Amino acid sequence: MISVDKPPAPRTQHLHYLDNLRVAMILMVVIHHAAQAYGPADWWYVEGSQDAPFLADLSAVGGAFRMSLLFFVAAFLVPRTIDRTGNWGFLRGRLKRLGIPFLVGSATIIPALMYVHYREYRGYPPISFPRYYLDVFLGFGPQPADWTGPIWPDLQFGHLWFIQNLLAFSALYVLFRWLGVLLRRVRPITPSTRTPDNPGLLIFTLALAAVVFLIRIWYPLDQWVPLFEFIQAEPARLAQYTAFFIAGVIAHRRDWLTRLPRSTGYTWLAIGAALTAVLFWTGTDTPFFAPGGASWASACWTLTETFLCVGLSIGLLTLFRDVFAGHNRLTRAMAANSYTIYIVHLPIVVALQFAFARAALPTLATFATVATLGMAISVAAAATIRRVPGLRTIL
């Protein structure tokens, strides 16, 4: 039984529970993408007739918090790195570890997936991959009059948007850190030592929900835009990602994760779990929820999603800190390979979805098979790739 009154253990040199949490979230990403072909109504690389409303609800719940929590965990580790390497050393490391995989993956994995979708579902005359790459993916050719989209050209970054956004956040952190040093020379600032409590978290959640609602009036969920004509972003959730990245940096500086009371963490876990149960019971396709617009339905979904996001994020951080802080050879290997798993899993999952498209299995059985095999093969592929000389320092 977990005591809510016993103070948490002091922070150790390496926080294995964050590694374990990051692995769990990345495996959830694999599961989410396995469900994309069978539940959610948004665009996907594989099209078919199989459909299960449960998987649409699963994707909506996971999408509400999973990537925000990953941004928080990634940001929590940033200050320690930058304190050790300095601003320029940190940026060089980020460009190597984030920039190179992003560029290579964007030039290989994503156009290959888009080419298969083009050949299978667009209905245009077959063309070679090099011709597709130049004319359609990069947009050097003319746009067909009957273009079926979803955008022109086909250029996108797929799941690598997270890496690109994380690189942008890291660069902005370096900039604001440098400005902060200049500001403190003019006017010293005494940092707060206050630990987040229930009233503070409530105010944070309501303020974040208000900002997100205002953005979604113009940019509903699943509408992606090219910020500065290059950064692939979903404005409907960008405020959440930004807030959680900032919170992760502050949490490291002020040791919030160690000092956060168990009672607070489990209160918010209960809120997140209760909302999750309600959403699976009611479903997300109801008149009370809307992906955007200036409506009560949009406000209701934004408020629900934000409370679920904050609740599950704080709750899972507390739960993993208290219960899943152990480590062994397997968990350390999974943690070391988790970044590579994220990069390589998408083509594996899409290939499995194509392979089982004509298997005539029930929808949930197809999803379960694709998700299980997708995780297993992605883990094995990541471990193999990182054994290639020179790649371990990047991946």
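Residues numbered from 1 in each chain as written. Predicted model: local features only at pLDDT ≥ 70, side-chain atom pairs only at ≥ 80, totals over all residues. Heavy atoms only, no water.

1. Things to note about helix α12 (residues 363-385)
Relative to the 33 Å expected for 23 residues at 1.5 Å per residue, α12 spans 32 Å between its end C-alpha atoms, a close match to the ideal helical length. Along α12, the residues classified as buried are Thr363, Thr366, Phe367, Val370, Ala371, Gly374, Ser378 and Ala382. Buried residues in α12 make contact with α1 (16-35), α2 (53-76) and α11 (329-355). (Helix = DSSP H or I, 4+ residues; strand = E, 2+ residues; numbered from the N terminus. Expected span 1.5 Å × (residues − 1). Buried < 20%, exposed > 50% of the residue type's maximum accessible area, 1.4 Å probe, protein only. Contact = heavy atoms within 4.5 Å.)

2. Comments concerning the side chain of Ser170
Position of Ser170 relative to the elements: it lies in helix α5 (residues 161-186). Not counting the four nearest positions on each side in its chain, Ser170 is found in contact with Phe90, Arg94 and Phe245.

3. Let's talk about the pattern of salt bridges
On inspection of all chains with the given rule, the structure shows 10 salt bridges. As a salt-bridge pair, Glu234 and Arg237 come within 3.9 Å of each other at their nearest N and O atoms. The class of Glu234 is buried, set by a relative accessible area of 5%. A salt bridge links Arg321 to Asp322, with the nearest nitrogen and oxygen atoms 3.1 Å apart. Residue class for Arg321 comes out buried when judged on its relative accessible area of 11%. Accessibility expressed as a relative area gives 23% for Asp322, which makes it partly exposed. (Salt bridge = Lys/Arg side-chain N within 4 Å of Asp/Glu carboxyl O.)

4. Brief notes about a nonpolar patch on the surface
Where nonpolar side chains cluster on the molecular surface, the patch consists of Leu172, Leu175, Phe176, Trp178, Leu179 and Leu182 and spans about 570 Å² of accessible area. Mapped onto the fold, Phe176 is located in helix α5. (Patch = residues over 30% accessible without salt bridge, like charges linked within 9 Å, V, L, I, M, F, W, Y side chains within 5 Å. Areas by Shrake-Rupley, 256 points an atom, 1.4 Å probe, with all protein chains shown as cover.)

5. Some details on the environment of Thr267
By secondary structure assignment, the location of Thr267 is in helix α9 (residues 262-282). For Thr267, a relative accessible area of 35% gives the class partly exposed. Between the C-alpha atom of Thr267 and that of Gly315, which follows or precedes it by 48 residues, the distance is 7.5 Å.

6. With respect to the environment of Thr340
Examined against the element boundaries, Thr340 turns out to sit in helix α11. Using a relative accessible area of 1% as the deciding quantity, one classes Thr340 as buried. Placed 198 residues apart in sequence, Thr340 and Pro142 show a C-alpha to C-alpha distance of 36 Å. If we skip the residues at most four places from it in the chain, Thr340 touches Ala382, Ile385, Arg386 and Leu395.

7. So, the packing of aromatic side chains
Summed over all chains, the structure comprises 29 aromatic pairs. Ring centres of Phe54 and Phe280 lie 5.5 Å apart, and the angle between their planes is 25°; this geometry places the pair in the stacked category. Taken together, the residues Phe54 in helix α2 and Phe280 in helix α9 connect sequence positions 226 residues apart. Judged by centre distance (4.9 Å) and plane angle (50°), the rings of Phe320 and Phe324 are tilted. Among the aromatic residues, those joined into a cluster by ring pairs are Tyr115, Tyr118, Tyr124, Phe129, Tyr132, Tyr133, Phe137, Trp147 and Trp152. (Phe/Tyr/Trp six-rings, centres within 6.5 Å; stacked < 30°, edge-to-face > 60°.)

8. Details of the packing of α1 against α12
Remark: α1 packs on α12, axes separated minimally by 9 Å, with the N-to-C direction vectors making an angle of 145°. For the pair α1 and α12, the crossing hand works out as right-handed. In contact with Leu27, Val30, Ile31, Ala34 and Ala35 of α1, α12 contributes Phe367, Val370, Ala371, Gly374 and Met375. Of the residues that constitute the contact of α1 with α12, the class distribution is nine nonpolar, one polar and no charged. (Axes fitted to C-alpha atoms, helices over the stretch in contact; angles between N-to-C directions. Left-handed = near helix turned anticlockwise from the far one by under 90°. Nonpolar A, V, L, I, M, F, W, Y, C, P; charged D, E, K, R; others polar.)

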